[in-house]
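Coordinate analysis (summary)
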Amino acid sequence: SAAIFWNEIYQVPSLTGRIHQFRQSIVLKLVRKLQLTPGSLALVVGCGAGHQTVALAQSGYRVLAIDTASAMVEQTRRHAVEAGVQDSVTASLGDVDHLPFQSDNFNLVLAIGVVPWLPSLESATREIARVLKPEGYVITTADSRWSFRRMLDPWHNPVLSPVKNGTRNLLWRWGLRRYPLNDLRAFQHSIKQFDTRLR
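Residues numbered from 1 in each chain as written. Predicted model: local features only at pLDDT ≥ 70, side-chain atom pairs only at ≥ 80, totals over all residues. Heavy atoms only, no water.

As summarised here, the arrangement of the five strands in space is β3-β2-β1-β4-β5, forming an open sheet in which the pairing is parallel. Each of the sheet's edge strands pairs with one partner strand only, and the pair in question is β3 (89-93) and β5 (132-140). If you compare each strand with its neighbour and ignore which way they point, the axes differ by 20 degrees on average. Note that strand β1 (residues 41-45) and strand β2 (residues 62-67) share five bridges and pair parallel. Within the sheet, the bridge partner assigned to Val45 lies in β2 and is Ile66. Running over the sheet, helix α3 (residues 51-58) touches β1, β2, β3 and β4 (106-111) and is turned about 170 degrees from β2. (Pairing = 2+ DSSP bridges. Helix = DSSP H or I, 4+ residues; strand = E, 2+ residues; numbered from the N terminus. Axes fitted to C-alpha atoms, helices over the stretch in contact; angles between N-to-C directions. Contact = heavy atoms within 4.5 Å.)

Of the pairings in the sheet, the one linking β2 to β3 comprises five bridges and is parallel in character. The residue bridging Leu64 from the neighbouring strand is Thr90, located in β3. Note on the crossover from β2 through helix α4 (residues 70-83) to β3: the handedness is right-handed. (Right-handed = clockwise from strand over helix to strand, strands pointing away.)

Considering only enclosed or pocket space, the second largest pocket measures out at about 170 Å³ in volume. If you go around the second largest pocket, you meet 14 residues; those closest to its centre are Thr125, Ile128, Val138, Thr140 and Leu198. Mapped onto the lining of the second largest pocket, the elements with two or more residues apiece are α5 (121-131), β5 and α8 (191-198). When residues in the lining of the second largest pocket are grouped by element, the largest group, five residues, is from α5. Grouping the amino acids of the lining of the second largest pocket by side-chain chemistry returns 12 nonpolar, two polar and no charged. (1 Å grid on protein atoms, 1.4 Å probe; cavity = no way out; pocket = protein on both sides within 12 Å on 5 of 7 lines; lining within 4 Å. Points joined across faces, edges and corners; volume = space filled by probe spheres on them. Nonpolar A, V, L, I, M, F, W, Y, C, P; charged D, E, K, R; others polar.)

You can see Glu127 is positioned in helix α5. On the basis of relative accessible area, Glu127 is assigned to the buried category, the value being 14%. Apart from residues no more than four positions distant in its own chain, Glu127 is found in contact with Val96, Asp97, His98 and Leu99. (Buried < 20%, exposed > 50% of the residue type's maximum accessible area, 1.4 Å probe, protein only.)

Burial runs high along α3: six of the eight residues are buried. Turning to α3, the residues buried within the fold contact α2 (15-34), β1, β2, α4, β3 and β4. One or two positions beyond α3, positive phi appears at Gly60, with a value near 100 degrees.

Next comes the structure, spelled out in structure tokens:
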């Protein structure tokens, strides 16, 4: 149900849109700096609507893209066709905790915007390390609990989390609020916590 949102986020001029667009431009600049050989094999974990997948294919990579949501895989395929890079892109359903690829296979793995949706970072990083060639590169991102945007937004400010969570729990306990069964919660990490888990 969120597939449309994740497609439009890279086009809208909202604050969240601008943050995602800026993050993507930084990632693509990092990829260019790697100067990998044309035709290198790249894996995009959590391909979303396929914007990064298409950009990698346009830069000469052979790209395998996975996502756990079929709507995202379909959007990635559609964007690859629209961009004329469908021969360089293979998009399929897949789970980062159980990657269906050989070990030591990829020159580059991107996991952009994926970490916040993983209950456990350890198994995902283990799998990414397994499929990555020894001389390969990983570019990944995590959402910071202490980001500037979160600090300025009272609804997301981590300092206020205990008050928000306590109020929410009371409302649930009193039956005044129902817990949405389909509510996916993102996990935020401190830089130290994220670095430690990656190591």
